[in-house]
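Here is how the chains run, residue by residue.
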Amino acid sequence: MRVPGAPSTRAFGYVFLMFFTGRHPISVEDSGRCSLPASLRAPLRPVGAPDSGDLTLYVFPSLDRSCLEAAGEAYLAGRRAILSRMKPFDPRREALERLYFGEARAVSVDAKGRVSLPAELREIAGINGEALCVGMGDRFQIWAPGREAARREAAIAAAGDLFDIDAVVDAP
């Protein structure tokens, strides 16, 4: 089943709708346990799959290690396909393989959205007590709130520099 206009990824014979959107504050217990909102769980489930049972979420440090990235199997399958086109012993390929696969942790998300973020990953991202999940389309990021605020301001400024409305719209 395909929803017209919705981006999707096929992995392992399933079609996944990949829409991680919004900004979602969450509480993170000392043990790393937290609950993900339904809007962040839905893209992990293949289209047509029943809404019961645990889901798998892959969590790994961002490239600059300022936050965590989280995604489903389809995202990692896509990264695997991209990396497989690089030369096998290219040091850039190895670096990205270490990030996406070596540092990734598969965590179970139960039917109520409960998940445990590993301590070593929370430490890398500075997550303690509170976090902010930010949808990025095909994945979402998990931020320590203070770090995210600074990045958000930088992103807004960069977006303004990249998109000049006057350059694409004729003046009256």
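Our subject in this report is the structure included herewith. Once a new chain begins, its residue numbering starts again from 1 and follows that chain's sequence as written. Local features are withheld for residues below a pLDDT of 70 in this predicted model, meaning they are given only at 70 or higher, and side-chain atom pairs are given and counted only at 80 or more; totals for whole chains, interfaces and linings count all residues. To get the side-chain values, all heavy atoms of the structure are used, and hydrogens and water are removed first.

## As for the packing of helix α2 (residues 73–83) against helix α3 (residues 91–102)
So, point 1. Relative orientation of the contacting elements α2 and α3 amounts to 170 degrees, with a least axis distance of 11 Å. The angle between the axes of α2 and α3 places the two elements in the roughly antiparallel class. Mapping the contact onto sequence places Y75, L76, R79, R80 and L83 in α2 and R93, L96, E97, Y100 and F101 in α3. Angular values range over 0 to 180 degrees, each being the angle between N-to-C directions of two axes fitted as lines to C-alpha atoms, with helices fitted over their stretch in contact. Numbering of helices and strands runs from the N terminus, with a helix taken as a DSSP run of H or I at least four residues long and a strand as a DSSP run of E at least two residues long. Just so you know how the angles are binned, under 35 degrees is roughly parallel, over 145 roughly antiparallel, 65 to 115 roughly perpendicular, and the rest oblique. Contacts are assigned to residue pairs that have any heavy atoms within 4.5 Å of one another.

## Regarding the sheet that holds strand β9 (residues 130–135)
So, point 1. At least two bridges found by DSSP between two strands is the condition for calling them paired. Taken in spatial order, the 6 strands make up an open sheet running β3-β9-β10-β6-β5-β7, and their pairing is antiparallel. The two strands at the open ends of the sheet, each matched to only one other strand, are β3 (23–27) and β7 (105–109). In this sheet, adjacent strand axes meet at a mean angle of 30 degrees when their direction is disregarded.
So, point 2. Direction of pairing for β3 relative to β9: antiparallel, over a ladder of 5 bridges. For S27, the partnering residue across the bridge sits in β9 and is E130.
So, point 3. Contacts between α2 and the sheet are confined to β5 (55–61) and β6 (68–71), with β5 contributing the most and set at about 50 degrees to the helix.

## A look at the pattern of salt bridges
So, point 1. Definition used for salt bridges: Asp or Glu carboxyl oxygen within 4 Å of a side-chain nitrogen of Lys or Arg. Applying the stated criterion to the full structure yields 13 salt bridges.
So, point 2. Where E148 meets R23, a salt bridge forms, and the shortest distance between an N and an O atom there is 2.6 Å. With a gap of 125 residues between them, E148 in helix α5 (residues 145–162) and R23 in strand β3 connect regions that are remote in the sequence.
So, point 3. The exposure class assigned to R23 is partly exposed, which follows from its relative accessible area of 40%.
So, point 4. Linking R65 and E103 is a salt bridge whose minimum nitrogen-to-oxygen distance equals 3.0 Å. On the criterion of sequence distance, the pair formed by R65 in the loop between β5 and β6 and E103 in the loop between α3 and β7 is long-range, its members being 38 residues apart.
So, point 5. One salt-bridge network, in which partners are shared between bridges, spans E69, R79, D138 and R139. Classification of residues uses two cut-offs on accessible area relative to the type maximum, computed with a 1.4 Å probe and protein chains only: under 20% is buried, over 50% is exposed, and between them is partly exposed.

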